[in-house]
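# Geometric and topological summary
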Amino acid sequence: MFIAADTEVYCIIGNPVRHSLSPPLHTFMFEYYGINAVYVAFEVRDVEGAIKGVRAMGIKGLNITVPFKEKVFELVDEVDGDAAFLQAVNTVKNVDGRLLGFNTDYLGFMEMFGEYVKFYSNSDKIVVVGAGGVALSVVYALYKLGIEEVYLLNRSLSRAKKLSERFIGKLNVIVRPLDDKDTIKSADIIINCTSLGLEGDGIPIELSWVKKPLIIDVIYFDTPLIKKARDMGLTAVNGLDMFIGQAYHAFKIWTGVEFDRDVARKLVEDLID
């Protein structure tokens, strides 16, 4: 790619962010579709200063990762309805200095999980592990898919209860401690929304209690949880399709282009390998 004076800049901000595969994915897609733009990563400590910098330097769009999604929600000029409910923004579009906020995380998970819903019954028990921003997006996606009941496991019960209260009148969120053996043992599907495994170690639940479920980890590579679950003969999938999905929707918001997901998946798989 030839970078010129009129090359537009997009970025991701977070801390940590050096592990992110968003820069090679989006920069590749800009070049693939002939868009004069580049995408870079900024590991920031001062998120308010970073957003001021976006305005001042005319950065055209950005993604936001942990721990800044909730704070950026407060700093943008306008948000769509989904981001307003979630009170978290992971995608921003800069329109002449006006920052528009969106949340594409839930869309990425909803599309990845949609295939399971075809075979879902109300008797199936879905367990979500974690109660942070990703868990909120996942529960919201389940609600959008028509799921009526979810079990939420977390070390901090007060934080889990706070998340569950957001869904009163929408779906039933049953809060349980992280070490609830009966809930794990009777689950049909377990979705890990914690960051354990991001750095290559840590399993959030006791897998010896698991009997039959599909295991999903929202992290886009095979974490220790996924690897051990497969070794035990369980069906386990990582969050690669969720990552591709949220990137697809962000790219569409910025450019209007619907990129080829198969091309994106091949690129990311090659980068991971």
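For the structure, see preceding data.
Residues numbered from 1 in each chain as written. Predicted model: local features only at pLDDT ≥ 70, side-chain atom pairs only at ≥ 80, totals over all residues. Heavy atoms only, no water.

### Concerning the nonpolar core
The biggest cluster of nonpolar side chains holds 37 residues, and the ones touching the most others in it are Phe109, Phe113, Val128, Leu142, Phe167 and Ile191. Not counting residues up to four positions away in its chain, the partners in contact with Phe113 are Ile126, Leu142, Leu145, Ile189, Ile191 and Ile216. Grouped together as the second largest cluster of nonpolar side chains are 23 residues, Ile12, Leu21, Phe251 and Trp254 included. (Core = buried A, V, L, I, M, F, W, Y, C linked by side-chain atoms within 4.5 Å. Buried < 20%, exposed > 50% of the residue type's maximum accessible area, 1.4 Å probe, protein only. Contact = heavy atoms within 4.5 Å.)

### Section: the sheet that holds strand β1 (residues 8–14)
Strand order in the open sheet made by the 6 strands is β2-β1-β3-β5-β6-β4, with mixed pairing throughout. What marks the edges here is a single partner per strand, and that holds for β2 (37–43) and β4 (78–79). Two elements, β1 and β2, share 7 bridges in a ladder whose sense is parallel. Among the inter-strand pairings, Tyr10 is bridged to a residue of β2, identified as Tyr39. Contacting β1, β2, β3 (61–64), β5 (91–95) and β6 (98–102), helix α10 (residues 240–255) runs over the sheet at an angle of about 10° to β5. (Pairing = 2+ DSSP bridges. Helix = DSSP H or I, 4+ residues; strand = E, 2+ residues; numbered from the N terminus. Axes fitted to C-alpha atoms, helices over the stretch in contact; angles between N-to-C directions.)

### Some thoughts on the layout of surface pockets
In this structure, the largest pocket occupies an estimated 1,200 Å³ of space. Lining the largest pocket are 46 residues; nearest its centre among them are Val66, Lys69, Gly133, Val134 and Cys193. Every element with two or more residues in the lining of the largest pocket is listed here: β3, α3 (69–75), α6 (133–144), α7 (157–165) and α10. When the residues that make up the lining of the largest pocket are grouped by side-chain class, the tally is 22 nonpolar, 16 polar and 8 charged. Forming the boundary of the second largest pocket are 17 residues, of which Met112, Val237, Asn238, Leu240 and Asp241 lie nearest the centre. Put simply, the parts of the chain that give the lining of the second largest pocket at least two residues each are α5 (105–117), β11 (214–217), α10 and α11 (261–272). When residues in the lining of the second largest pocket are grouped by element, the largest group, 4 residues, is from α5. In the lining of the second largest pocket, the residues fall into 10 nonpolar, 1 polar and 6 charged. (1 Å grid on protein atoms, 1.4 Å probe; cavity = no way out; pocket = protein on both sides within 12 Å on 5 of 7 lines; lining within 4 Å. Points joined across faces, edges and corners; volume = space filled by probe spheres on them. Nonpolar A, V, L, I, M, F, W, Y, C, P; charged D, E, K, R; others polar.)

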